[in-house]
Amino acid sequence: MGVPLLDLKAQYRDLETDLDAVIHEVMANAAFIGGPKVAELERSIAEYCGTAYAVACGNGTDALFLILAAMGIGKGDEVITTPFTFFATVEAIVHLGAMPVFVDVEPGTYNMDVTALEAAITDRTKAIMPVHIFGQCVDMDVVNDVAKRHGLRVIEDACQAIGATYKGRKAGSLADAAAFSFFPSKNLGCVGDGGMVTTDDKAIADACRKLANHGSSRKYYHEAFGVNSRLDALQAAILLVKLPHLDAWNAQRRAAAEVYDELLAGVEGIELPVTRDYGVPVYHLFIVKSERAETIMDALQAAGIGTALYYPLALHEQECFESVEGFVKPSLPEVESCDMRTFALPCFPGITRAQQEEIVRVVTDALA
Ligand SMILES: *Cc1c(COP(=O)(O)O)cnc(C)c1O
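Residues numbered from 1 in each chain as written. Predicted model: local features only at pLDDT ≥ 70, side-chain atom pairs only at ≥ 80, totals over all residues. Heavy atoms only, no water.

(A) Expanded view of the pattern of salt bridges. For the structure on display, the rule yields 20 salt bridges. In this structure, arginine 361 engages glutamate 358 in a salt bridge whose closest nitrogen and oxygen atoms are separated by 3.4 Å. You can see arginine 361 and its partner glutamate 358 sitting in helix α12 (residues 353–367), three residues apart, about one turn around the helix. Using a relative accessible area of 42% as the deciding quantity, one classes arginine 361 as partly exposed. Exposure remark for glutamate 358: the relative accessible area of 18% places this residue in the buried category. Among the ionic pairs, arginine 361 bridges to aspartate 365, the shortest N-O distance being 3.0 Å. Of this pair, arginine 361 and aspartate 365 are both found in helix α12, four residues apart, which corresponds to roughly one turn of the helix. Take aspartate 365: its relative accessible area is 46%, and that puts it in the partly exposed class. (Salt bridge = Lys/Arg side-chain N within 4 Å of Asp/Glu carboxyl O. Helix = DSSP H or I, 4+ residues; strand = E, 2+ residues; numbered from the N terminus. Buried < 20%, exposed > 50% of the residue type's maximum accessible area, 1.4 Å probe, protein only.)

(B) View of the domain arrangement of the protein chain. Domain assignment breaks the protein chain into domain 1 (8–244) and domain 2 (247–367). Inter-centroid distance (C-alpha atoms) of domain 1 to domain 2 is 23 Å. Of the residues lining the interface, 41 residues belong to domain 1; the matching set on domain 2 comes to 36 residues. Taken together, both faces of the contact between domain 1 and domain 2 bury some 3,300 Å²; the carbon and sulfur share is 63%. Looking at the side of domain 1 facing domain 2, the largest losses of area belong to Tyr110, Phe134 and Asn187, adding up to 20% of the total buried there. At the boundary of domain 1 and domain 2, one finds two salt bridges. Across the pair aspartate 139 and arginine 276 runs a salt bridge, and its minimum N-O distance is 3.7 Å. For the pair domain 1 and domain 2, the number of links is 20 residue pairs in polar contact (both at pLDDT 80 or more). (Domains from an automatic or database assignment. Contact = heavy atoms within 4.5 Å. Buried area = accessible area lost by both parts, 1.4 Å probe. Polar contact = N/O pair within 3.5 Å; in protein donor to acceptor, adjacent residues only side chain to side chain.)

(C) Geometry of the sheet that holds strand β10 (residues 279–280). Read from one edge of the open sheet, three strands run β7-β6-β10, paired in antiparallel fashion. Each of the sheet's edge strands pairs with one partner strand only, and the pair in question is β7 (169–170) and β10. (Pairing = 2+ DSSP bridges.)

(D) Up close: the packing of helix α3 (residues 60–70) against helix α7 (residues 202–211). The interhelical angle for the contact between α3 and α7, taken along N-to-C directions, is 120 degrees, at an axis separation of 9 Å. Considering their axes alone, α3 and α7 lie oblique with respect to each other. For α3 against α7, the interelement crossing comes out right-handed. Facing α3, whose interface residues are Leu66, Ile67, Ala69 and Ala70, α7 presents Ile204, Ala207, Cys208 and Leu211. Among the residues forming the contact of α3 with α7, the class breakdown is eight nonpolar, no polar and no charged. (Axes fitted to C-alpha atoms, helices over the stretch in contact; angles between N-to-C directions. Parallel < 35°, antiparallel > 145°, perpendicular 65-115°, else oblique. Left-handed = near helix turned anticlockwise from the far one by under 90°. Nonpolar A, V, L, I, M, F, W, Y, C, P; charged D, E, K, R; others polar.)

Next comes the structure, spelled out in structure tokens:
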């Protein structure tokens, strides 16, 4: 019995009638970029996250880039972030000419170690960019408090955390602005690339909207040099069909995580993820850590069970930083201890207990 890491075909089968209907509607209307579906999605996401504004864009990477650009962050500025994230988080910082400054992670949650922030601040620090990794929020009260004392902006990379909460408030509403991705494998995914900025700050929302559209708010008049980063009507229409199901899907991911916690409790040689009680995570990925990751992953693959390293190499250790002038590679022992040792077990809406029992059997056999 094989189990994929994520079963998007099953999701399509469940929503096939509704999805096919909106795809045909978009085709028949022949209005493909922007338009009423995109505006409706922006309103729906703002309402879902509890923010005043949401601005659609081409993908999550662009959402991060647009926010930083809207805040005027660029050459000579430093942005404090985590080395344990998808590469896009730092790509946005570096492309604007700013310098990423990495702090270590907490064991178990793999989120940014917020107690390390203060020591990372310099005269050049402009912003902190926490990433709600694997769908669990960073301890945002601490981040916002440090930022406030030092006059810094805070940007949430919420790409893995749509629907997660922190002290009752949704990811995306916990800082000056937040970036979401609708990449197909995210908890709320479209059928291509898509992204969104959420914020309560009108100036940031307006600037992001303008920058995403060639620095223009009036056709053929350009107040700034922006980029082309727009959302398709088709993606918006599909996301509007899926959004009402998101909370139920996230609840199913949490239920699956609980089953793993139960089945893997006490198994020697594998570390389970830690859940902080300040919020409710959405398990974008269920990540375990083991010194014997390679052995376990080989056994899973041989059994047709989907798995992958998240992430094989921390960002501060990546080759690309050799060409970043002035970058000094820090020593970050906790995150370095995750290299080649942290990997995902299948955890998606609809996974069955029988499938999880099979996965756990393969894992425990591999460790025996
Ligand atoms: C997916 C992801 C991004 C980038 O989103 P794209 O839509 O693929 O550009 C950024 N940060 C994190 C943490 C992500 O998981």
